Protein chains: 2
Amino acid sequence: MSPKEIRKLIREGNFNRPTAGYCPGYAQANLVVLPKELAYDFLLFTQRNPKACPVLEVLDPGVRSTNFLAKDADIATDIPKYRVFEKGICTGEYNSVEAFWRADLVSFLIGCSFSFEEELIQAGIPIRHIEEDVNVPMYLTNIPCITAGAFSGNMVVSMRPIPYHQIPAAVNVTSGMPRVHGAPVHIGNPLAIGIEDINKPDFGDRVTIKPGEEPVFWPCGVTPQAVVMNSCPDFAITHAPGHMFITDIKNAALK
Amino acid sequence: MSPKEIRKLIREGNFNRPTAGYCPGYAQANLVVLPKELAYDFLLFTQRNPKACPVLEVLDPGVRSTNFLAKDADIATDIPKYRVFEKGICTGEYNSVEAFWRADLVSFLIGCSFSFEEELIQAGIPIRHIEEDVNVPMYLTNIPCITAGAFSGNMVVSMRPIPYHQIPAAVNVTSGMPRVHGAPVHIGNPLAIGIEDINKPDFGDRVTIKPGEEPVFWPCGVTPQAVVMNSCPDFAITHAPGHMFITDIKNAALK
């Protein structure tokens, strides 16, 4: 299926699963929707923290159609599962947020590490959570983001165990893709970034770290969501974890 | 002199020349200052046009000290020459803008191609305007920027003539520095991007194009200034052309 075909299925209510593995080669994106009055602080937060929050597109207030990432897409209906938040609390999950749409809502689409995982696999680097068919493990760290207005908090990272001899290649491959989080932020000792038990991720699932492998940590697209929720905005919409916006843009075009 | 020493000289009124060639190895930055009410549209403009407008740092409203680019700096006094604009018209040039400062002013510092010229020279690529000791030639093009709210307009480019066989190296060197404009936006025929006479730049000076060379065009930091002036904001401050903010950051750190 093409991205356009799968977005149509989603829009019509005929696809409500996680999007990992669909439309290989095409970038998927995280979504954060905020009222216009918070949009400057959030955009500034992404400018100050580009590794965790690489913005791919920002829509004008009220607008639901993307220009750059996809044609004929509707950001309020083309994601399989959304979360709605009021004052920082999730008040429900929905397959469409048309009923919640307002003229003052600004949509931010943010790069996703799914894009660089394909490149890692092509470089012969194993991706453990794909091998074990689970969600990538994600952790809250003690690495502070740079505050911007209402938004502050620590970085969330994703972890992939990499064999020692392949770590340089993993760094090189991902460094070349800054629009989808770029290079790792930390390699090795989890305690050094405030992770007490590598087997108990804060989001996603644990994966096996084999002998001869180091845990490698990348900035994660959950960071902006965690930071937004931390600031308790009156109203926000995000995608549900793993249920991403599938774009018309090839991963290779984000290098 | 270190960047800190030259900023002190500037602040004390003892240095009011163009900054090109000072503090080699250190990045210099363009300045745009706007009232907070226009800051979201401008920040969004830079997000949508990152090649012409690579933002290095945005200060909080009213704040004059940088965090990332320099320590102990004052953005209202540490640039040798400023321009003040009212409703899009330049009302004067000043060596300090302390007297104009307001609590609602937001300062944007934007990457400058001075940074990649050093890398080009180190790669053995001639930089004609440096050889001829003039300002780099800059041109208005027909390449539209992506509009954001109040801000729209075409891209301004800088031009350097490069020998055919060195064009690939020039592309490679600058592609690796996206925070200071990155790769060329056009190589060859000036008419294709709306430049009718390569010997009559819209800003800066003409330079010699020798046999065996092609004009190579890079997105230029004059773009955000031109676009801001085009939209006639009630009030704005910029640096005067060639009179940049000298940072504590090494060019190599912007790769």
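What comes next is a walk through the structure. Keep in mind it's a predicted model, so treat the numbers as computed, not measured. (Residues numbered from 1 in each chain as written. Chains lettered and ligands numbered in written order. Predicted model: local features only at pLDDT ≥ 70, side-chain atom pairs only at ≥ 80, totals over all residues. Heavy atoms only, no water.)

So, the overall build of chain A
Piece 1. Looking only at helices and strands, chain A features six helices and 11 strands.
Piece 2. Taken over C-alpha atoms, the radius of gyration comes to 17 Å for chain A, in line with the 18 Å a tight globule of 255 residues would show.
Piece 3. Taken along the three principal axes of its C-alpha coordinates, chain A extends 55 × 40 × 30 Å.
Piece 4. In chain A, which comprises 255 residues, the proportion classed as buried is 55%.
Piece 5. Considering only residue pairs separated by 6 or more positions, chain A has 77% of its internal contacts joining residues 24 or more positions apart.
Piece 6. Only carbon and sulfur atoms are counted for the fraction: they give 53% of the accessible area of chain A, which is about 10,400 Å².
Piece 7. Computed over 22 positive and 27 negative side-chain charges, the inter-centroid distance for chain A is 3 Å. (Helix = DSSP H or I, 4+ residues; strand = E, 2+ residues; numbered from the N terminus. Rg over C-alpha atoms; globule rule 2.2 N^0.38 Å. Buried < 20%, exposed > 50% of the residue type's maximum accessible area, 1.4 Å probe, protein only. Contact = heavy atoms within 4.5 Å. Areas by Shrake-Rupley, 256 points an atom, 1.4 Å probe, with all protein chains shown as cover. Lys, Arg positive; Asp, Glu negative; His and termini not counted. Charge placed at Lys NZ, Arg CZ, Asp CG, Glu CD.)

Looking at the pairing of strand S10 (residues 235-239) of chain A
Residues and elements named next belong to chain A.
Piece 1. Counting buried positions along S10 yields five of five residues, so the element is predominantly enclosed.
Piece 2. Residues Phe 235, Ile 237 and His 239 line one face of S10 and the alternating positions Ala 236 and Thr 238 line the opposite face, and both faces are buried.
Piece 3. By the bridge criterion, two bridges tie strand S1 (residues 26-35) to S10 in an arrangement that is antiparallel. Pairing of Val 33 across the sheet is with Ile 237, part of S10.
Piece 4. Taken together, the five bridges between strand S3 (residues 82-86) and S10 define a ladder with antiparallel strand orientation. (Pairing = 2+ DSSP bridges.)

Let's talk about the relation of the copies chain B and chain A
One copy of the chain maps onto the other through a rotation about an axis followed by a shift along the same axis.
Piece 1. Superposition record for chain B on chain A: RMSD 0.0 Å, screw rotation 180°, translation along axis 0.0 Å. When the rotation and shift are considered jointly, the pair of chain copies conforms to a two-fold rotation axis. Across chain B, the rotation axis passes nearest the C-alpha of Tyr40(B), at a separation of 2.6 Å.
Piece 2. When the interface residues of chain B are mapped onto chain A, 100% of them again lie at the interface, so the same face is used by both copies. (Least-squares fit on C-alpha atoms with pLDDT ≥ 70 in both.)

Here we look at the packing of aromatic side chains
Any pair of aromatic rings gets described here by the distance separating the centres and the angle formed by the planes.
Piece 1. Counted under the stated rule, the structure contains 12 aromatic pairs over all chains.
Piece 2. Between Phe42(B) and Phe151(B), the aromatic rings sit 5.7 Å apart at their centres with planes inclined by 80°, giving edge-to-face as the arrangement. Of the two residues, Phe42(B) sits in helix H2 (residues 36-48) while Phe151(B) sits in the loop between strand S6 (138-144) and strand S7 (154-163), which places them 109 residues apart along the sequence. Taken individually, Phe42(B) and Phe151(B) each receive the classification buried, so the pair is uniform in this respect.
Piece 3. Pairwise contacts between aromatic rings join Phe42(A), Phe108(A) and Phe151(A) into one cluster.
Piece 4. Seen from the ring of Phe15(A), Arg17(A) lies directly overhead, with NZ or CZ sitting 4.4 Å from the centre. (Phe/Tyr/Trp six-rings, centres within 6.5 Å; stacked < 30°, edge-to-face > 60°. Lys NZ or Arg CZ within 6 Å of the ring centre and 35° of its normal.)

Some thoughts on the sheet that holds S7(B)
Residue and element names in this part refer to chain B.
Piece 1. Taken in spatial order, the four strands line up as S6-S7-S9-S8 in an open sheet, and their pairing is antiparallel. If you trace the sheet from one side to the other, it starts and ends with S6 and strand S8 (186-187), each paired once.
Piece 2. The pairing of S7 with strand S9 (residues 213-219) spans seven bridges and is classified as antiparallel. Considered in S9, the bridge of Ile 162 is made with Glu 214.
Piece 3. Strands in contact with helix H5 (residues 167-175) are S7, S8 and S9; relative to S9, the strand with the most contacts, it is inclined by about 15°.
Piece 4. Sitting on the sheet, helix H6 (residues 222-230) touches S6 and S7, and the angle it makes with S7 is about 155°. (Axes fitted to C-alpha atoms, helices over the stretch in contact; angles between N-to-C directions.)

Concerning the packing of helix H3 (residues 114-122) of chain B against H5(B)
Residue and element names in this part refer to chain B.
Piece 1. Axis separation between H3 and H5 bottoms out at 10 Å; the angle between their running directions is 135°. Put simply, H3 runs oblique to H5. Note on packing geometry: the crossing formed by H3 with H5 is right-handed. Touching Phe 116, Glu 119 and Leu 120 of H3 are Ala 170, Val 173 and Thr 174, all from H5. (Parallel < 35°, antiparallel > 145°, perpendicular 65-115°, else oblique. Left-handed = near helix turned anticlockwise from the far one by under 90°.)

What to know about the interface of chain B and chain A
Piece 1. With 15 residues of chain B at the interface, the matching set in chain A holds 15 residues.
Piece 2. Carbon and sulfur atoms make up 55% of the area that chain B and chain A hide from each other, which totals about 1,200 Å².
Piece 3. Taken together, the connections running from chain B to chain A amount to two salt bridges.
Piece 4. For the salt bridge of Asp60(A) with Arg48(B), the shortest nitrogen-to-oxygen distance reads 3.0 Å.
Piece 5. Run the count over chain B and chain A and you get six residue pairs in polar contact (both at pLDDT 80 or more).
Piece 6. Listing elements by their share of the side of chain B that touches chain A, those giving two or more residues are H2, strand S2 (55-58) and strand S5 (105-111) of chain B.
Piece 7. In terms of residue count, H2(B) provides more of the side of chain B that touches chain A than any other element does, seven residues in total.
Piece 8. Of the residues belonging to the side of chain B that touches chain A, the class tally is 10 nonpolar, one polar and four charged. (Buried area = accessible area lost by both parts, 1.4 Å probe. Salt bridge = Lys/Arg side-chain N within 4 Å of Asp/Glu carboxyl O. Polar contact = N/O pair within 3.5 Å; in protein donor to acceptor, adjacent residues only side chain to side chain. Nonpolar A, V, L, I, M, F, W, Y, C, P; charged D, E, K, R; others polar.)

Thoughts on the sheet that holds strand S6 (residues 138-144) of chain A
The strands making up a sheet associate through backbone hydrogen bonding, with each pair oriented either parallel or antiparallel.
Residues and elements named next belong to chain A.
Piece 1. Taken together, the four strands give an open sheet; going across it, the order is S6-S7-S9-S8, and neighbouring strands pair in antiparallel fashion. This sheet does not close on itself; its edge strands, each paired only once, are S6 and strand S8 (186-187).
Piece 2. In terms of strand pairing, S6 meets strand S7 (residues 154-163) through four bridges, oriented antiparallel. Bridging across to S7, Pro 144 finds its partner in Asn 154.
Piece 3. Lying over the sheet, helix H5 (residues 167-175) contacts S7, S8 and strand S9 (213-219), oriented at roughly 15° with respect to S9.
Piece 4. Strands S6 and S7 of the sheet are contacted by helix H6 (residues 222-230), whose axis makes an angle of about 155° with S7.

As for the packing of helix H2 (residues 36-48) of chain A against H2(B)
Piece 1. Two elements in contact, H2(A) and H2(B), have axes separated by 10 Å at closest approach and are oriented at 50°. Relative to H2(B), the element H2(A) lies oblique. Handedness of the H2(A)/H2(B) crossing: left-handed. Where H2(A) abuts H2(B), its residues Lys36(A), Ala39(A), Tyr40(A), Leu43(A), Leu44(A) and Gln47(A) lie against Lys36(B), Ala39(B), Tyr40(B), Leu43(B), Leu44(B) and Gln47(B).
Piece 2. A per-class count over the contact of H2(A) with H2(B) returns eight nonpolar, two polar and two charged.

Observations regarding the side chain of Asp78(A)
Residue and element names in this part refer to chain A.
Piece 1. Locating Asp 78 in the fold gives a position in the loop between strand S2 (55-58) and S3.
Piece 2. At 2.8 Å, the side chain of Asp 78 forms a polar contact with the side chain of Arg 11.
Piece 3. Side-chain polar atoms of Asp 78 contact the backbone nitrogen of Asp 74, separated by 2.8 Å.
Piece 4. In this structure, Asp 78 is in contact with Arg 7, Ile 10, Arg 11, Asp 72, Ala 73 and Phe 245, ignoring residues within four places of it in sequence.

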